[in-house]
Protein chains: 6
Amino acid sequence: MVDENIDIEAIAKATSGASGAELANIVNEAALRAVRYNRDKVIQEDLEEAVETTIAGYKRKSTIISPKEKKIVAYHEIGHAIVAAKQSHSAPVQKITIIPRTSGALGYTMQVEEEERYLISKEEAFNKIVTLTAGRASEEIVFNSITTGASNDIEQATKLARAMVTRFGMSERFGMMGLETVTNVYLGGDASLTCSDETAAIVDSEVHKIIDEAYKKAKDILMAHQKELHKLADYLIEHETITGEEFMELLEENK
Amino acid sequence: MVDENIDIEAIAKATSGASGAELANIVNEAALRAVRYNRDKVIQEDLEEAVETTIAGYKRKSTIISPKEKKIVAYHEIGHAIVAAKQSHSAPVQKITIIPRTSGALGYTMQVEEEERYLISKEEAFNKIVTLTAGRASEEIVFNSITTGASNDIEQATKLARAMVTRFGMSERFGMMGLETVTNVYLGGDASLTCSDETAAIVDSEVHKIIDEAYKKAKDILMAHQKELHKLADYLIEHETITGEEFMELLEENK
Amino acid sequence: MVDENIDIEAIAKATSGASGAELANIVNEAALRAVRYNRDKVIQEDLEEAVETTIAGYKRKSTIISPKEKKIVAYHEIGHAIVAAKQSHSAPVQKITIIPRTSGALGYTMQVEEEERYLISKEEAFNKIVTLTAGRASEEIVFNSITTGASNDIEQATKLARAMVTRFGMSERFGMMGLETVTNVYLGGDASLTCSDETAAIVDSEVHKIIDEAYKKAKDILMAHQKELHKLADYLIEHETITGEEFMELLEENK
Amino acid sequence: MVDENIDIEAIAKATSGASGAELANIVNEAALRAVRYNRDKVIQEDLEEAVETTIAGYKRKSTIISPKEKKIVAYHEIGHAIVAAKQSHSAPVQKITIIPRTSGALGYTMQVEEEERYLISKEEAFNKIVTLTAGRASEEIVFNSITTGASNDIEQATKLARAMVTRFGMSERFGMMGLETVTNVYLGGDASLTCSDETAAIVDSEVHKIIDEAYKKAKDILMAHQKELHKLADYLIEHETITGEEFMELLEENK
Amino acid sequence: MVDENIDIEAIAKATSGASGAELANIVNEAALRAVRYNRDKVIQEDLEEAVETTIAGYKRKSTIISPKEKKIVAYHEIGHAIVAAKQSHSAPVQKITIIPRTSGALGYTMQVEEEERYLISKEEAFNKIVTLTAGRASEEIVFNSITTGASNDIEQATKLARAMVTRFGMSERFGMMGLETVTNVYLGGDASLTCSDETAAIVDSEVHKIIDEAYKKAKDILMAHQKELHKLADYLIEHETITGEEFMELLEENK
Amino acid sequence: MVDENIDIEAIAKATSGASGAELANIVNEAALRAVRYNRDKVIQEDLEEAVETTIAGYKRKSTIISPKEKKIVAYHEIGHAIVAAKQSHSAPVQKITIIPRTSGALGYTMQVEEEERYLISKEEAFNKIVTLTAGRASEEIVFNSITTGASNDIEQATKLARAMVTRFGMSERFGMMGLETVTNVYLGGDASLTCSDETAAIVDSEVHKIIDEAYKKAKDILMAHQKELHKLADYLIEHETITGEEFMELLEENK
């Protein structure tokens, strides 16, 4: 039932890091799409759309976003993309879009690793945080204002910074001392600190330091590439969705 | 079953920000009202009343409020309305009423955004808090006394200020560090802080600072528009419900 | 089934502030009493007794209180009543009794607002606390000793003082910052503080300050009306139950 | 089924302060005893034994306590009894025994109020704590050693001292501020502090102060009555159970 | 079914302090053993083995312990036994063994009180802790190394020291102030502190002090009896199990 | 059904420390493998593979790891192995592999004790932590970078260091004071601290100290054996799995 020409490699990369449940959802989603289009084979396009749907929700066609907010979203996404592209330990950008999704996302930047990855170095983890903070950094540089648009980035950046300090042993302060164990407590609990409140306060300040440094780096990168930022944001506002190739080309052209 | 002339746009704006469950309630409420009036079509009025019922409860005809309390409520609501109108990043006032509702509300001021909004800037969030504190500010200026009438405003203003600091990254102190994740714990829990008690104390003082500044701004605006405050409160006491247009006209006239 | 001559107004005032469940209890209680007396109509007296039963429990005829304790209770209740009467923002006294009730109350002082109230000002809230502390203040002035008789007053006064600080925005220290949300947690929980322990300690000291000031005011009022205190306590010991009118008359006479 | 000559008054006094469930147990216990002795009427003796059984458990005939421990227990109980008798606000001693009970009690001193009491003054509460600490005080004075025999006294004394500070408003430090609400949480929880940890630490030190002062007073009283202490302990070791009258007589004689 | 010559006294002493459930287990265990050996009477030996099985588990015949570990275990147990024997307030040693049991115990030293005890003095409680710490003290003196073999001793010593401070009123610091109530919470909870964190920290340091002093005393006793320690350990390694009498004799001989 | 030539001794050693449930899994696993290969006897190989499967999961044949990550994993595992081999109190290396397992492990180093062990000394516990930190130490020395590959080592090292301080009495700071009791709370709970937050903070710093010292020791050992490190890592990359004998031989050769 699955087309033989499917580029399994590409799908695998795009879904690297997805959980078993997420992969099951993607396959299911792709099969449903094939049925919807009266096809008896799942084709490449079904799988690609399924990946996006699972990550970002369905396209929300009815949502009409104002030109002002669209502009903010475009600069936000291009901020993520430029910072991702300008860092050494960072997965390449595959797609940027500002078409709202039912998940509530007003836009997103998809990065795909060049090969499947099993280890993340301290530098890579930090660079991911830099990229996550770059959306807001772009808003602040361009509009001298910040919005709630970064709240999901904040959550993800904080989780990663916290894991660096407490589970990955990536802070000078605590070294290889573990401070958190991931538990699936029925209380909806996430990761609970197994340490004293005093130690937890030091963890907080280590996490804060990482995020502040990341944000500063994101801003520095964007300040150094303002020309590209404006050109690419304009292009994105016009086209709404651009591929990684288009993005890299434009980035080169506008240097 | 729904009248074709309904101004869906207006309804959509008035309900912007409502949850799926709330929207379902509104539609249900409107249908019930149509049935009550022996109509087989839901008309504009049904929907408008339904919106209010859902937000503020049914009109509570039996409630007889004393003239003294009515005056306090009027000044409280006009306080909200004037401060909303005098701030740059603030949705226009659509209706002000001092007819008590079954929900326990003695009055309310309805604001409706001019276009659907998906992002809230730091300035807008702060201005919302200013508007929320303006009811009490008005009471204090006029009566040199404060009442429990502001307790709901206090709860909303605090929640928003807390979200600014902990989820929206809108404080200088914590920047893009997330400090709270919303959970629907079966214990009735709301948003729980994922940080140490020491950090939580700093969050408290950041939240406090925002609310104090907001209250001060609300008072400054009202002190600068005392003439309008008195004129409009008198008018509201007399008419009990006024539209946004009336309000804006009177505000202009009494400058 | 309800007599037409009932003074609904009076009942409404006496039960102002009662919850829906309490009102249902009162009506039920009144109906049962009518049945007990073989009446097919609920009369004024049924409702009045029902109001008291619901608030203070049934009269406990078997309880034989010693003359010494009776005297303490009488001074305690007259203390509440005089302080209530001598404050400007305070509901009038409707009844004072030292007949023990099954609820465990050895006596009580009933206050009824002159008109239905929806708002409580900071002064009124504080005066309520002053009245609540006046029972013990009277004991201390007269007997130079204090008893467990004030434990319920302590609980109520503390709850109200805590609400002033955390939910009504009535402290200078926290202004309009909310610190508590009422939850009906299945653990029997009441109101939980949504703040750090450090902030909770400041809340404690604010609450303490309010209660100490209230107790001082209660004592000052009673010290200034010692003659009335003794006369009224003697009268209450003799008559066991007195109406608000009797109380006010005697208070005037003994000035 | 109940004998008409029963001294209900005496039973009532002895059980004053008992809960409804405890009273039910006592009556049940008395009925069972009547059946055991083939009587169809519950007599005075059944009720008296039932009261003791409910409070202290059944006599444990098999328990053979060593002479050394018997001596410690006797001094412990006489310590309670003398301190109870030598304080002004304290219920008279009705019975002292060193016959072990199934409840684990190696002995006990029963006090019964002269009239039913509904209020406890600060002095009475403090004196109760003094009496509770007197068993150990006696052990320390006589044997210069302390034992686990006081662990139940410790629990009771601490509970009462804690209630004085947190629920009865009987500390200078907190005045009429309430700090604890009794809850029957299903977790076996007792009384939970509704305050910050900082405040809880002050509560701890207030409680500690009360208990230390009480213990000092108990020791002072016993030091001043050493002759009686030895005489009465010897007498109790010999007779194992003595009545309040015997006790008071011997106390007078040995002055 | 039970042999008439059984020394009930001896069994009773050995099981003094056992709970009802434990006694039931012992009797059951003894009956099973009689059946296993085709006897229709439970004999002394059945009961003795049953007592050990219940306390220490079945003999674990398959366990082959290395000579090196066997030596450590022997010194550990002889450490307990010598310190028990050399203290005044301490129950006599009845048996020492280094045959591993299924419970995981690699050896144990059984002490039995000379008469049934209902009270524990402060000195006795402290001496029990000294004896509990003596196993490790012996390891440290002989091997200059410490092992996980003391983990159960640590748990028991800490529990007892904690009870001394919080439930038995045996610390200078807290006197008769109770700080802990034993609860059988379904969460597996043990004894929970009913005090502030600040007070809990002082409890910790009091507990620590007791254990440190006890360990020091254990070491001092063993340092003063090194000759006996080596002789007895050698003897235990050779015989694996020795009785209290053998132990006392050897202790005397090697003085 | 089990082959008679099986080296039970070897299996027993390899599984020393496994729980009953784990042993049951291993036997089951071995039986299934025999069935899979159409054998009616479980042979040595079945058991060996079963041991590995239970500890590290099935071989994950589909996983294709990049050469760069494979190199990191090889250095990580050889780091563990060399440090294990160069410490005196440390079990010999039996196998090293960098074939990924379904459990998520990218490689592992298996150590097997020479004889069954029941006691762990302080030195041995510390050396285990040193070995656990050696994987990351190797990464840092060779690549001057650290990865998430050490997160499981961090968790295990921290658990053991925490047990040393809180359950095994192996810190100078707390001596034989117990601070943790292992509970199988249904909340997924692990070991909960039974002490104040202040004490918990000292525990944290003791744990931190142990881990930092261990990491330093691991680095020192590897710095002193860099030649072996590179030779062995190269060999492991080439062969993917090496036995303990091969490892020891190569270690000797490359000194």
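Details of the structure are given in the entry above.
Keep in mind the model is a prediction, meaning the values are calculated, not measured. (Residues numbered from 1 in each chain as written. Chains lettered and ligands numbered in written order. Predicted model: local features only at pLDDT ≥ 70, side-chain atom pairs only at ≥ 80, totals over all residues.)

1. Describing the overall build of chain A
Consideration 1: Helix and strand content of chain A: nine helices and five strands.
Consideration 2: Starting at the N terminus and walking to the C terminus, you meet the elements of chain A as α-α-α-α-β-β-α-α-β-β-α-α-β-α.
Consideration 3: By the burial criterion, 44% of the 255 residues in chain A qualify as buried.
Consideration 4: When contacts within chain A are restricted to residue pairs at least 6 apart in sequence, those whose partners lie at least 24 apart make up 69%. (Helix = DSSP H or I, 4+ residues; strand = E, 2+ residues; numbered from the N terminus. Buried ≥ 20, exposed ≤ 12 C-beta atoms within 10 Å, placed from the backbone. Contact = placed C-beta atoms within 7 Å.)

2. Here's the deal with the interface of chain A and chain F
Consideration 1: Between chain A and chain F, the residue contacts involve 25 residues of the former and 30 residues of the latter.
Consideration 2: Elements with a minimum of two residues in the side of chain A that touches chain F: α5 (122-143) and α7 (197-223) of chain A.
Consideration 3: At three residues, α7(A) tops the list of elements feeding residues into the side of chain A that touches chain F.
Consideration 4: Its residues assigned to classes, the side of chain A that touches chain F shows 10 nonpolar, eight polar and seven charged. (Nonpolar A, V, L, I, M, F, W, Y, C, P; charged D, E, K, R; others polar.)

3. Looking at the interface of chain B and chain A
Consideration 1: Between chain B and chain A, the residue contacts involve 26 residues of the former and 30 residues of the latter.
Consideration 2: Per element, the largest residue contribution to the side of chain B that touches chain A is three residues, and it comes from helix α7 (residues 197-223) of chain B.
Consideration 3: Residues of the side of chain B that touches chain A, tallied by class, amount to 10 nonpolar, nine polar and seven charged.

4. Quick word on the relation of the copies chain A and chain F
Consideration 1: When chain A is fitted to chain F, the best match, at an RMSD of 0.1 Å, comes from turning it 60 degrees and sliding it 0.1 Å along the axis. The superposition of one copy onto the other is thereby described by a six-fold rotation axis. When each C-alpha of chain A is compared by its distance to the rotation axis, A:Asp197 comes out closest, at 6.7 Å.
Consideration 2: The two copies present different faces, since only 4% of the interface residues in chain A are matched by interface residues at the equivalent positions in chain F. (Least-squares fit on C-alpha atoms with pLDDT ≥ 70 in both.)

5. Looking at unusual backbone geometry
Across residues other than glycine, the phi torsion is negative in most instances, and most of the peptide bonds are trans.
Residue and element names in this part refer to chain B.
Consideration 1: Here the phi dihedral of Glu 240 falls at roughly 65 degrees; this positive angle occurs in a residue that is not glycine.
Consideration 2: By secondary structure assignment, the location of Glu 240 is in the loop between α8 (226-239) and β5 (241-243).
Consideration 3: C-beta crowding within 10 Å serves as the criterion here: with 13 such atoms nearby, Glu 240 is assigned to the partly exposed category.

6. Examining the relation of the copies chain B and chain A
Consideration 1: With an RMSD of 0.0 Å, the fit of chain B onto chain A corresponds to turning through 60 degrees and sliding 0.0 Å along the axis.
Consideration 2: An overlap of only 4% is found between the interface residues of chain B and their copies at the interface of chain A, pointing to separate contact surfaces.

7. Observations concerning the sheet that holds β5(B)
All names here are of chain B.
Consideration 1: In spatial order, the strands read β2-β1-β5; together these three strands make up an open sheet with antiparallel pairing. Since the sheet does not close on itself, it has two edges, and those belong to β2 (108-111) and β5, each with one partner. The sheet shows a mean angle of 10 degrees between the axes of neighbouring strands, taken without regard to direction.
Consideration 2: Here four bridges tie strand β1 (residues 93-97) to β2, and the two strands are oriented antiparallel to one another. Note that in β2 the partner of Thr 97 across the bridge is Tyr 108.
Consideration 3: Docked against the sheet, helix α9 (residues 244-253) engages β1 and β5, running at close to 80 degrees with respect to β5. (Pairing = 2+ DSSP bridges. Axes fitted to C-alpha atoms, helices over the stretch in contact; angles between N-to-C directions.)

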